[in-house]
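Chain by chain, the residues run as shown.
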Amino acid sequence: MPGADGSQIYDDLMRFKPEGWTPNAWATKAGVSRTVWSDMRRHGNPSRRTLEKLLSAAGSSLAEFEALRIGERSTDVASAAGLADRRASAWAHAPLPPLPLVATAMAGEWDGAAAGVELTELHGGEILDRIPRPISLASDQAAYAATIVGDSMWPRFRPGRRVGISPKAPVAIGDDVLVKLRRDSTAGGGDFVLIKELVRRSAGGLRLRQFNPDVTFDVPSAEVAAVEKVLGELV
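Okay, so let's go over this structure. (Residues numbered from 1 in each chain as written. Predicted model: local features only at pLDDT ≥ 70, side-chain atom pairs only at ≥ 80, totals over all residues. Heavy atoms only, no water.)

1. Here's the deal with the overall build of the chain
When you go through the chain residue by residue, the secondary structure sums to five helices and nine strands. Going residue by residue from the N terminus, the α and β elements of the chain occur as α-α-α-α-α-β-β-β-β-β-β-β-β-β. Within the span of the chain, comprising 235 residues, buried residues form 42% of the whole. When contacts within the chain are restricted to residue pairs at least 6 apart in sequence, those whose partners lie at least 24 apart make up 62%. Surface exposure of the chain reaches about 12100 Å², of which carbon and sulfur atoms provide 53%. (Helix = DSSP H or I, 4+ residues; strand = E, 2+ residues; numbered from the N terminus. Buried < 20%, exposed > 50% of the residue type's maximum accessible area, 1.4 Å probe, protein only. Contact = heavy atoms within 4.5 Å. Areas by Shrake-Rupley, 256 points an atom, 1.4 Å probe, with all protein chains shown as cover.)

The following block contains the structure:
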């Protein structure tokens, strides 16, 4: 049954609402303002950032949400054309190439900022596994997956969960990012990286935020080797 506001995206999103939460409680726990939430319910025009916050609070991801919506639209089109029974054969899409899962490890605290800033060791050349690729990354051949090994970004990212990362996706203020540091390479050939939220970007460097503990800090541009977008948890 369609929502009272006629917003299809709102109806689709409600399928991800955690059991026992009201829609308003969900928005509050996800950090979505009352104004943004009301506008989405009326007009169905949420920003990507709003969707990511809501889905992360629900233990899901934007990739999973988009896959569900794309999959259902494809099914509707096939059914309307009388082709639903052929979908698994003549109309089946070619399987997507798997996503490489690279090795990560805890690396203590970064000494370039205030106490408590968690550092991660990333071994991009060490492929632990190859996992199903989300539809949202179908054309992103540079993308890869990594495992969150600390709790510095809780509750947005949970320890042990895998996230998708794209070195080529455009990065905007408010995005989650993986910052490769130019210094302190590990003896094993890995990189020291910061997985945080991007607060500000300028010629002088980056301002980042982690959530647990809540710390905002600066990374000089001379220490930044690369900035890659973290696309959310993979389910």
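2. Overview of the side chain of E233
The topology assignment puts E233 in strand 9 (residues 224–233). Of note is the side chain of E233, whose polar atom sits 2.9 Å from the side chain of R158. In contact with E233, not counting residues within four places along its chain, are S60, S61, R156, F157, R158, R161, R162 and V163. (Polar contact = N/O pair within 3.5 Å; in protein donor to acceptor, adjacent residues only side chain to side chain.)

3. Some remarks on empty space enclosed by the protein
Under the counting rule described, the total for this entry stands at two cavities of 30 Å³ or more. Here the largest cavity defines a volume of roughly 120 Å³. In terms of lining residues, the largest cavity is bounded by 14 residues, among which E52, S56, F157, G232 and E233 are the most central. Put simply, the parts of the chain that give the lining of the largest cavity at least two residues each are helix 4 (48–57) and strand 9. (1 Å grid on protein atoms, 1.4 Å probe; cavity = no way out; pocket = protein on both sides within 12 Å on 5 of 7 lines; lining within 4 Å. Points joined across faces, edges and corners; volume = space filled by probe spheres on them.)

4. Concerning the pattern of salt bridges
Going through the model one piece at a time under the given rule, you end up with 12 salt bridges. Its salt-bridge partner being E233, residue R158 comes within 2.9 Å of it at the nearest N-O pair. Taken together, the positions of R158 in the loop between strand 3 (144–147) and strand 4 (162–166) and E233 in strand 9 put the pair 75 residues apart, joining distant regions of the chain. For R158, a relative accessible area of 23% translates into the label partly exposed. For D218, the salt bridge is made with R207, and the minimal N-O distance between the two is 2.7 Å. Residue D218 is found in strand 8 (residues 214–220), and its partner R207 is found in strand 7 (residues 205–211); the two are separated by 11 residues along the sequence. Judged by relative accessible area, which is 27%, R207 ranks as partly exposed. (Salt bridge = Lys/Arg side-chain N within 4 Å of Asp/Glu carboxyl O.)

5. Structural notes on unusual backbone geometry
In this structure, P155 follows W154 across a cis peptide bond, with omega equal to 10 degrees. Positionally, P155 belongs in the loop between strand 3 and strand 4. Omega for the peptide link from N212 to P213 comes to -5 degrees, which places this bond in the cis form. In this fold, P213 is placed in the loop between strand 7 and strand 8.

6. Considering the environment of A138
Relative to the assigned elements, A138 resides in the loop between strand 2 (118–131) and strand 3. Along the sequence, A138 and P95 sit 43 residues apart, while their C-alpha atoms lie 9.7 Å from each other.

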